[in-house]
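Chain by chain, the residues run as shown.
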Amino acid sequence: MTEETAKTLEAFKKDLLIYLQDARDALLWKLEGLSEYDIRRPLTPTGTNLLGLVKHATAAEAMYFGEAFGRPFDAPRPWITGDAEPNSDFWATPEESREQIVDGYRAACAHADATIAALALDAVGRVPWGARSEVTLHHGLVHMTAETQRHAGHADIVRELVDGATGQRRDGANTAPGDEAWWAGHRDRVEGAAREAALVGRKAQA
């Protein structure tokens with residue numbers, strides 16, 4: 001491998017890690033300022049809750065950047081590995097404190113970062129599921145970035161349902177500016193458009 005190629009791959013790894021860290025940060029800030037109940041309360045029929053999303057992300061980081069590469073990290077086992085209760089990594093028991101889960105997530109991320117720094121993108125690991133159990137570090141980085149961003153999106157919706165807070169970052173700079181009245185008007189406009197489209201669709205089918 002040439003020096004230029006090595007620098008390119010390191011830059012690629014750095015880019016992936018930046019986006020992964022951005023998602024990690026978004027997931028954690030969604031817990032800030034909320035009560036024990038609000039970070040745990042299920043707000044979808046399938047039980048989606050903020051602290052559970054962090055607990056699940058901890059398990060995934062530990063699996064993809066720990067166990068997969070022979071660098072085990074103590075974390076909840078994902079239920080999809082077959083040796084845990086279904087969905088057990090998606091909610092927190094009363095005995096599991098906020099601090100325990102958040103600190104565990106930060107530690108799992110630090111462990112993951114050490115793995116990412118130590119290994120080349122083409123390093124091969126193994127996950128205990130699926131037909132393609134072999135995964136490269138590159139695959140793990142892409143997968144965890146996509147997965148964490150997905151769950152950060154879940155957290156966006158759950159947090160908004162809890163207290164109306166929105167945005168990828170604490171300052172909400174990446175959301176449209178507007179006060180409560182503006183957003184109420186915007187929602188009404190979207191609702192009106194949906195109803196009008198449905199009416200047009202029904203007429204077209206008549």
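Bear in mind the structure is a predicted one, so any value in this text is a computation, not a measurement.

### Quick word on the nonpolar core
- Within the largest apolar cluster, 18 residues are counted, with the highest numbers of intra-cluster contacts made by L27, L31, L50, L51, V54 and Y105.
- Looking at this core, the elements with two or more residues in it are α1 (3-29), α3 (50-65), α4 (98-118) and α5 (137-163).
- Considering every element that reaches this core, the biggest residue donor is α3, with five residues.
- Apart from residues lying up to four places away in sequence, L27 is in contact with L53, V54, A57, Y105, T148, H151, A152 and A155.
- Counting 16 residues, the second largest nonpolar core, distinct from the first, contains L16, L20, I116 and V127.

### Brief notes about a nonpolar patch on the surface
- Where nonpolar side chains cluster on the molecular surface, the patch consists of M1, L9 and F12 and spans about 310 Å² of accessible area.
- Tracing the chain through its elements places L9 in helix α1.
- Residue L9 is classed as partly exposed on the basis of its relative accessible area, which comes to 32%.

### Quick look at α1
- Along its 27 residues, α1 runs 39 Å from first to last C-alpha, staying within 8% of the 39 Å computed at 1.5 Å per residue.
- Buried residues of α1: K13, L16, L20, A23, R24, A26, L27, L28 and W29, and no others.

### Structural notes on the confidence of the model for the protein
- On average, residues of the protein score 90 in pLDDT, and 96% of them reach the 70 mark or higher.
- Taking the mean pLDDT of every element in the protein, the minimum, 89, falls on helix α6 (residues 180-205) and the maximum, 98, on helix α2 (residues 36-40).

### What to know about the layout of surface pockets
- As a volume, the largest pocket reaches approximately 310 Å³.
- Lining the largest pocket are 18 residues, and of these T48, L53, N87, F90 and H151 lie nearest its centre.
- Elements that contribute at least two residues to the lining of the largest pocket include exactly α3 and α5.
- For the lining of the largest pocket, the leading source of residues is α5, giving four residues.
- Its residues assigned to classes, the lining of the largest pocket shows six nonpolar, nine polar and three charged.
- What lines the second largest pocket is simply E160, G164, T166, T175, A176, P177, G178 and W183.

### Examining the pattern of salt bridges
- The full count for this structure, using the stated rule, is eleven salt bridges.
- Residue D38 is joined to R41 by a salt bridge in which the shortest nitrogen-to-oxygen separation is 3.2 Å.
- The residue E191 makes a salt bridge to R195 at a minimum N-O spacing of 2.7 Å. Within this pair, E191 and its partner R195 are both found in helix α6, separated by four residues, close to a single helical turn.
- Accessibility expressed as a relative area gives 58% for R195, which makes it exposed.
- If you follow the salt bridges from partner to partner, you end up with R24, E61 and D113 in one network.

Calculation criteria
- Residues numbered from 1 in each chain as written.
- Predicted model: local features only at pLDDT ≥ 70, side-chain atom pairs only at ≥ 80, totals over all residues.
- Heavy atoms only, no water.
- Core = buried A, V, L, I, M, F, W, Y, C linked by side-chain atoms within 4.5 Å.
- Buried < 20%, exposed > 50% of the residue type's maximum accessible area, 1.4 Å probe, protein only.
- Helix = DSSP H or I, 4+ residues; strand = E, 2+ residues; numbered from the N terminus.
- Contact = heavy atoms within 4.5 Å.
- Patch = residues over 30% accessible without salt bridge, like charges linked within 9 Å, V, L, I, M, F, W, Y side chains within 5 Å.
- Areas by Shrake-Rupley, 256 points an atom, 1.4 Å probe, with all protein chains shown as cover.
- Salt bridge = Lys/Arg side-chain N within 4 Å of Asp/Glu carboxyl O.
- Expected span 1.5 Å × (residues − 1).
- pLDDT = per-residue confidence, 0-100.
- 1 Å grid on protein atoms, 1.4 Å probe; cavity = no way out; pocket = protein on both sides within 12 Å on 5 of 7 lines; lining within 4 Å.
- Points joined across faces, edges and corners; volume = space filled by probe spheres on them.
- Nonpolar A, V, L, I, M, F, W, Y, C, P; charged D, E, K, R; others polar.

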